Structures are given as C-alpha cells and as structure tokens.
Amino acid sequence: MCGIIGAVAQRDITEILIEGLRRLEYRGYDSAGLTIIDDKGEFQRIRRVGKVYELSSATECKSLHGIIGIAHTRWATHGEPTEYNAHPHLSNYIAIAHNGIIENAESLRQQLIAKNYHFTSETDSEVIAHMVHDKCQQSTTLVKAVIKVLTLLQGTYGTVIIDRRQPDIIVAVRSGSPLVIGLGIGENFIASDPLALLPVTHRFIYLEEGDIAEISSRKVTIFNKQGIPVIRNTIETTLHYDAGDKGEYRHYMQKEIYQQPTAIKNTLEKRIKHEHVELSELGHEAEQLLKRVEHIQIVACGTSYNAGLVSRYWFESLIGLSCDVEIASEFRYRKPVVRKNSLFISLSQSGETADTLAALRISKNIGYLGSLAICNVSSSSLIRESDLSIITKAGVEIGVASTKAFTTQLTVLLLLVAKFSQLNNRPVSIEYEIVQALQKLPNRIEHLLSFGNVIENLAKEFSEKNHALFLGRGSHYPIAMEGALKLKEISYIHAEAYAAGELKHGPIALIDSNMPVIVIAPNNKLIEKLKSNIEEIRARGGLLYIFTDKNNEFINSDSMKIIHLPYIETLTSPIFYTIPLQLLSYYVALIKGTDVDQPRNLAKSVTVE
Ligand code: GLU
C-alpha cells in the first residue's frame with residue numbers, strides 16, 4: 001500500500017511533496033517521511049509516526065528548501081510503525097522510498113551485513129537503499145546500478161531513488177505497485193496515484209510492469225527490464241480532486257453513505273435508454289464476445305468480493321448463467337480449471353488491488369474468453385489491463401470502509417445481468433424489471449436515509465458489545481457479510497456473518513443474551529425459512545435485531561427489536577439493505593470514538609499482496 005511521491009523541479013518542492021502525501025494518505029497512514037536534497041547538496045530527512053499532518057507540522061518548523069526530493073506515507077508490512085522504520089531510507093548518498101514487499105529481504109540483509117552495511121530499521125525496504133549504494137560503486141549511472149539491483153529482488157516494488165551526488169535525477173521502478181509520472185514544464189514528478197500530482201500537472205505517463213524511469217526536470221527516459229529505452233503514451237487527464245471537503249458531514253464515510261442516491265443515479269446515467277440497458281463503453285465487438293459467455297468467474301477482495309457474491313445469485317437465478325466468485329488472493333495461487341467460454345470479471349474500487357491485479361494477469365494465459373473490470377477509477381491498472389471495463393461512477397471514495405463503491409458495483413452488476421439477458425434473448429420481462437427497480441432505487445435510498453436517527457439510537461446498544469453475529473439468506477447472505485465486515489473495520493467489534501440456515505451447524509453454540517444477532521429479513525420467498533432460524537435463536541435466549549419490511553409480522557419484545565424499513569423491489573433489495581448496516585457501523589464507531597475514516601491497521605487501496 002503506501003503512497004510515494006517524488007519531484008524534481010527548479011523551485012522548492014517541499015510543499016508539493018507534503019500536499020501529495022496528504023492526497024495519498026488513504027493508501028497508508030501509520031507514519032510518513034520525506035527526504036530532499038538541500039541547496040548544499042545534503043540530504044534533509046524528516047520522518048514522523050502518525051498522520052501526514054504530524055510530518056507537515058514538523059517540516060513547517062524546519063525551513064526546508066530543495067528542488068529535488070522524495071516522500072512516503074507508510075502502511076507497515078515489516079517492522080512496527082516507528083520513526084526509524086518510516087521511509088525514506090538512506091545508505092550514504094542514496095535515499096529510497098518503497099511501496100510493496102521484498103520477499104527475500106532477510107537473506108539480502110545478511111549478505112549486506114557481511115559487506116559491513118549497517119541497518120537502522122526493521123523494514124524489508126532498507127535493503128534496497130544499501131543494494132543500490134553497493135551497485136553504484138560498479139556502475140556508471142544510477143539507472144545502471146538500479147537495474148543490477150532489480151535482478152536480485154524478489155517481491156513487489158514501486159520505488160523511487162535519489163542520489164545526492166547527482167541532485168537532478170529521480171529513478172523510479174515499477175513492479176507490482178503502481179507509479180505514474182507527472183509531466184510539468186521544466187519540472188517532473190512521480191507518484192503512486194495521479195491524484196497526488198493534480199495541483200502541478202494533468203499530463204501523465206503510466207509506468208508499465210517492469211519499467212524503470214530516469215526523471216530529471218527537463219527529460220523523462222523510460223527503460224524496460226532489460227534496460228532498453230521504451231516509449232510510453234502520455235495522457236491528458238480530466239481527473240479532478242474533489243475530496244477535500246466533507247461539507248456538512250463529520251466524516252467522509254458519512255458523506256459517502258449519504259451520497260449513495262446520487263452515486264447510483266450517476267452510475268445509471270446514459271446506461272438506460274428507452275427502458276433498455278446500453279453499456280456503450282463496452283463497444284460493439286464486445287457484444288459478440290458476451291454472447292458466447294457460458295460461465296462467469298468473478299475475482300475480488302474484501303467488500304468487492306461481497307458484491308461479487310450477491311451478483312452470483314442474480315446471474316444464476318435471473319438468467320441461468322453459472323457464476324463462481326473467489327477471493328483474489330486464493331485464486332492467484334491455485335490452478336483453476338477454466339470452464340468453456342468463461343468470462344473473467346474483476347471488481348475493485350481502486351483498480352490497484354495487488355491480488356486482484358495478479359489474478360487478472362494470470363487469467364490472461366489460462367483460457368478465458370476475455371476479461372472485464374468493474375472499477376471506480378478509470379485510470380487504474382485494472383482498467384488499463386482488462387479487455388473490457390465498466391466504470392462505477394461513485395466519485396472519489398475517501399473513507400477507508402467502502403460504502404458507495406459497493407452499492408455502485410452492485411448497480412453495475414445488475415445492469416450487466418440485464419445486458420446478458422438482452423443479448424441472449426431471455427424474456428424481455430427480466431431486463432424490464434431490472435430497469436424498473438434500478439430506476440426507482442436512488443429515491444428509495446434517499447427515503448431510507450431519512451431513517452438515520454433510528455439506526456443512531458440502535459447503535460447505542462451495540463457500542464458496549466464485543467461480538468456480533470449477522471445472518472441472512474440467499475442474496476442477503478453476502479449483505480450480512482458486508483454488514484459484519486463494516487462493523488469490524490470501523491468499530492473493531494468482532495463480527496461474523498452466517499447464512500441463517502448454517503447457524504445450527506455450529507455457531508448457535510455462541511448464542512446467549514449477550515450476543516447481538518442482526519438478521520437481514522426482507523420480504524422475499526425465503527422469509528418463512530428465516531423465521532424458523534429466528535425462532536431457534538429466540539429459544540436460546542439470543543438478542544435479536546431484525547431489519548425487515550413493514551409487511552413481515554415480527555413483534556417487538558425485550559429480546560427482539562424490529563427495525564422496519566420501507567418497501568423495496570426484490571431485485572434491488574440487497575443494495576437497499578446494505579444502507580442501514582453501513583449506518584449502524586458508522587454510528588457505533590462514532591460512539592466508540594474510533595478513527596472512522598482511517599481505521600487502525602487498514603488502508604484504502606491494498607497494493608501489497
Ligand atoms: N514493506 C515496506 C515497509 O514495511 C513498505 C510498506 C509500504 O508499502 O508502505 O516499510
């Protein structure tokens with residue numbers, strides 16, 4: 001994870017680095033640091049534990065000035081979040097910042113110690129600094145030294161390197177962790193995400209896997225792994241950074257929950273015409289490919305994985321298209337047997353999730369018809385590397401716990417089901433009903449959000465709990481999973497989700513009057529089955545919270561709280577029932593006083609495996 005930024009210019013770059021780090025903070029926030037080469041050609045390094053503002057206050061106290069520098073916000077993989085583990089790391093005249101994991105760091109460390117290198121951190125990254133220094137002694141340029149080092153590293157890295165003997169060049173390498181070059185006039189930049197560089201440029205070059213770049217203020221040269229110069233396209237972006245303002249909200253997560261009606265409306269916009277789904281971004285040729293699809297393999301992580309699980313119910317029950325869903329970190333390390341005419345679908349908010357990207361790359365050589373990415377960031381690696389893509393139009397999501405990205409992923413997946421239905425001449429009523437339900441959804445959610453205070457009151461009862469169970473059936477079982485994940489992520493309450501019918505096979509042993517059990521109980525054909533499961537819990541003294549439809553006959557009692565939700569169409573009910581669970585975890589976290597937008601140990605974009 002982590003965020004990297006580097007700048008080489010003809011003006012002071014300190015504030016550019018700090019502002020870049022602020023914008024990259026979603027990628028990691030346990031510590032941050034920067035190193036610049038000052039006017040005397042010396043390194044000035046400042047590192048701080050905690051958020052970027054700790055670092056920015058520290059830099060304000062020292063009057064730093066330099067025209068070249070690198071900076072990093074860390075998400076620790078090796079070594080605690082301390083000042084001495086924070087990046088950049090130094091080795092004599094070399095400074096580096098690294099995103100990723102060096103898997104053979106321990107053996108490299110031993111070799112470097114044998115050469116008298118002295119380590120000052122517990123990180124895997126520090127080996128890179130010493131190795132570059134070591135190889136510099138046998139190389140004529142920094143790039144040549146770095147190329148030699150790369151042949152010895154195992155793992156993933158997005159790394160930036162400066163050499164104070166050559167204070168006009170940044171070398172950047174990309175393998176498994178994203179990096180983008182920002183082109184200015186008489187100044188150039190490098191960062192993990194273009195968002196970090198929007199204050200200084202809108203022209204970008206995305207590095208490809210294995211690329212090595214030599215960046216000076218006037219020139220950018222890119223080499224492939226073998227050291228041969230290569231040309232990469234320059235793109236002009238229309239991206240803008242609109243995340244700065246929380247508006248009337250206390251947290252980004254709260255703002256993003258309340259933005260969902262608009263986010264869904266935006267995701268539907270221009271994709272439904274005259275009651276028909278049109279996914280014109282897929283292009284005409286894609287239709288031929290989609291017509292051949294007989295099976296879908298979805299791969300994702302975390303919240304996106306839960307979205308994939310919901311869609312399996314839709315693909316299979318609505319249009320009879322078989323669908324498997326798998327966690328990317330598992331998919332990438334097994335040998336999947338690919339069914340005939342399968343489409344590979346990846347889901348990710350950021351499009352930089354390391355495991356999902358690795359799974360996509362593997363999918364290319366094992367016989368899938370093609371790949372389709374559903375993602376919120378149009379400039380992401382996932383989109384660039386997939387054959388087809390559909391963008392969720394959630395807008396920038398800053399809160400680490402995903403909310404609007406999830407519900408817009410589900411919206412896109414439902415549109416895709418309708419598209420398949422249309423292309424395969426399924427009964428027109430399927431597409432019609434999907435379109436009707438989706439068009440009504442933004443207003444239905446708007447109305448639902450006005451029940452926020454009901455959930456806020458409920459949250460008080462949860463804040464004292466250490467554990468919670470979430471139950472659902474059918475397409476609402478993954479919604480129970482998502483509810484449990486949200487509660488864990490931001491309130492640190494241990495929560496588990498079960499398919500309601502599974503409870504009696506073990507977890508029911510946990511039930512007592514201290515265990516809150518949240519049941520997602522919409523009015524659908526599984527409601528009677530769910531009622532039996534609820535009775536099993538009541539019989540054992542469990543404390544039930546039932547999220548349900550007005551028409552279901554549940555009776556409030558001391559041990560059973562009923563939360564009545566407004567009417568929702570069955571097709572979009574999983575999206576709808578997600579909202580109160582998001583609010584519940586938000587309000588519980590608020591009472592517990594946790595860091596809602598940047599919960600401990602988590603980062604927004606998981607770019608390490
Ligand atoms: N593995 C490195 C560390 O633990 C880099 C982690 C990151 O990507 O932030 O310092």
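Residues numbered from 1 in each chain as written. Predicted model: local features only at pLDDT ≥ 70, side-chain atom pairs only at ≥ 80, totals over all residues. Heavy atoms only, no water.

Across its full length, the protein chain holds 18 helices and 27 strands. Each of the three principal axes of the protein chain carries a C-alpha extent, and together these read 75 × 55 × 45 Å. Looking at the protein chain as a whole, 62% of its 609 residues are labelled buried. On the protein chain, roughly 23900 Å² of surface is accessible, and the fraction owed to carbon and sulfur atoms is 49%. Side chains of the protein chain carry 64 positive and 68 negative charges; the gap between the two charge centres is 2 Å. (Helix = DSSP H or I, 4+ residues; strand = E, 2+ residues; numbered from the N terminus. Buried < 20%, exposed > 50% of the residue type's maximum accessible area, 1.4 Å probe, protein only. Areas by Shrake-Rupley, 256 points an atom, 1.4 Å probe, with all protein chains shown as cover. Lys, Arg positive; Asp, Glu negative; His and termini not counted. Charge placed at Lys NZ, Arg CZ, Asp CG, Glu CD.)

What follows covers the site of the ligand. Lining the immediate environment of the ligand, one finds 15 residues, of which Cys2, Arg74, Thr77, His87 and Asp124 sit closest. Between the ligand and the protein, one listed contact pairs an oxygen atom with a side-chain N or O atom of His87 at 2.8 Å. Note that an oxygen atom of the ligand is positioned 3.1 Å from one of the side-chain N or O atoms of Asn99. Bound to the protein, the ligand loses 100% of the 300 Å² it would expose on its own. Of all elements in the fold, only β4 (66–74) and β6 (94–102) reach the threshold of two or more residues within the shell around the ligand. (Near = heavy atom within 4 Å. Polar contact = N/O pair within 3.5 Å; in protein donor to acceptor, adjacent residues only side chain to side chain.)

What follows is about the sheet that holds strand β23 (residues 467–472). Within the open sheet, the 5 strands sit side by side as β24-β23-β25-β26-β27. Their pairing is parallel. Either end of the sheet is taken by a strand with one partner, and the two such strands are β24 (494–499) and β27 (560–565). Neighbour-to-neighbour, the strand axes of this sheet turn through a mean angle of 20 degrees, independent of strand direction. Pairing geometry for strand β25 (residues 516–521) and strand β26 (residues 543–549), over 6 bridges, is parallel. Its bridge partner lying in β26, Val519 is registered against Ile546. (Pairing = 2+ DSSP bridges. Axes fitted to C-alpha atoms, helices over the stretch in contact; angles between N-to-C directions.)

What follows concerns the packing of aromatic side chains. Under the counting rule described, the total for this entry stands at 7 aromatic pairs. Where Phe331 meets Phe344, the ring centres are 5.6 Å apart and the plane angle is 55 degrees; that geometry is what we call tilted. Here Phe344 lies in strand β20 (residues 342–348) and Phe331 lies in helix α10 (residues 328–331), a separation of 13 residues in the sequence. Comparing Phe331 with Phe344 shows no difference in burial state: the two are buried. Members of the aromatic cluster, connected to one another through ring pairs, are Phe331, Phe344 and Tyr368. Here Arg109 stacks its cationic end above the ring of Phe119, 4.3 Å away from the centre of that ring. Over the aromatic face of Tyr492 sits the side chain of Arg600, whose NZ or CZ is 3.8 Å from the ring centroid. (Phe/Tyr/Trp six-rings, centres within 6.5 Å; stacked < 30°, edge-to-face > 60°. Lys NZ or Arg CZ within 6 Å of the ring centre and 35° of its normal.)

This part covers the sheet that holds strand β22 (residues 388–391). Strand order in the open sheet made by the 5 strands is β19-β18-β20-β21-β22, with parallel pairing throughout. If you trace the sheet from one side to the other, it starts and ends with β19 (322–327) and β22, each paired once. With direction set aside, neighbouring strand axes in the sheet form an average angle of 20 degrees. The sheet contact formed by strand β21 (residues 370–375) and β22 spans 4 bridges and is parallel. Across the sheet, Leu372 pairs through a bridge with Leu388, a residue of β22. Most of the contacts of helix α9 (residues 302–319) go to β19, to which it runs at about 170 degrees, and overall it touches β18 (295–300), β19 and β20. Against the sheet, helix α11 (residues 354–363) touches β18, β20 and β21, its axis set at about 165 degrees to β20. (Contact = heavy atoms within 4.5 Å.)

Turning our eyes to something else, we now look at the pattern of salt bridges. For the structure on display, the rule yields 26 salt bridges. Between Lys273 and Glu278 there is a salt bridge, with its nearest N and O atoms 3.4 Å apart. Accessibility expressed as a relative area gives 32% for Glu278, which makes it partly exposed. For Arg332, the salt bridge is made with Asp355, and the minimal N-O distance between the two is 2.7 Å. Here Asp355 lies in helix α11 and Arg332 lies in the loop between α10 and β20, a separation of 23 residues in the sequence. For Arg332, a relative accessible area of 16% translates into the label buried. (Salt bridge = Lys/Arg side-chain N within 4 Å of Asp/Glu carboxyl O.)

Turning to the pairing of β26, a few remarks are in order. Taken residue by residue, a regular strand's side chains alternate between the two faces of the sheet. With 7 of 7 residues buried, β26 is to be regarded as a mostly interior element. What you see with β26 is no split at all: Leu543, Tyr545, Phe547 and Asp549 on one side and Leu544, Ile546 and Thr548 on the other are buried throughout. Regarding the hand of the β-α-β motif, the stretch spanning β25, helix α17 (residues 527–538) and β26 is right-handed. Alignment of β26 against β27, held across 6 bridges, turns out to be parallel. Counterpart to Leu544 in the pairing with β27 is Met560. (Right-handed = clockwise from strand over helix to strand, strands pointing away.)

Here we come to the nonpolar core. Ranked by internal contacts, the top residues of the largest apolar core, which has 88 residues, are Phe315, Phe420 and Phe470. Residues within four places of Phe420 in sequence aside, it is in contact with Leu290, Val293, Ile296, Phe315, Ile319, Leu321 and Leu343. (Core = buried A, V, L, I, M, F, W, Y, C linked by side-chain atoms within 4.5 Å.)

Closest axis-to-axis distance for the helix α13 (residues 404–423)/helix α18 (residues 573–592) pair is 10 Å, and the angle between their directions is 175 degrees. It follows that α13 is roughly antiparallel to α18 by the angle criterion. Each of Phe406, Thr407, Leu410 and Thr411 in α13 lies in contact with α18, whose residues at this interface are Ile575, Thr578, Ile579 and Gln582. In terms of residue class, the contact of α13 with α18 is made up of 4 nonpolar, 4 polar and no charged. (Parallel < 35°, antiparallel > 145°, perpendicular 65-115°, else oblique. Nonpolar A, V, L, I, M, F, W, Y, C, P; charged D, E, K, R; others polar.)

Right, let's get into the packing of helix α8 (residues 284–291) against α13. The relative placement of two packed helices is expressed as an angle between their axes plus a distance between the axes. Across the interface, α8 lies against α13 with an axial gap of 10 Å and an inter-helix angle of 80 degrees. The angle between α8 and α13 falls in the class roughly perpendicular. Residue-level contacts link Glu287, Leu290 and Lys291 of α8 to Lys419, Phe420 and Leu423 of α13. Its residues assigned to classes, the contact of α8 with α13 comprises 3 nonpolar, no polar and 3 charged.

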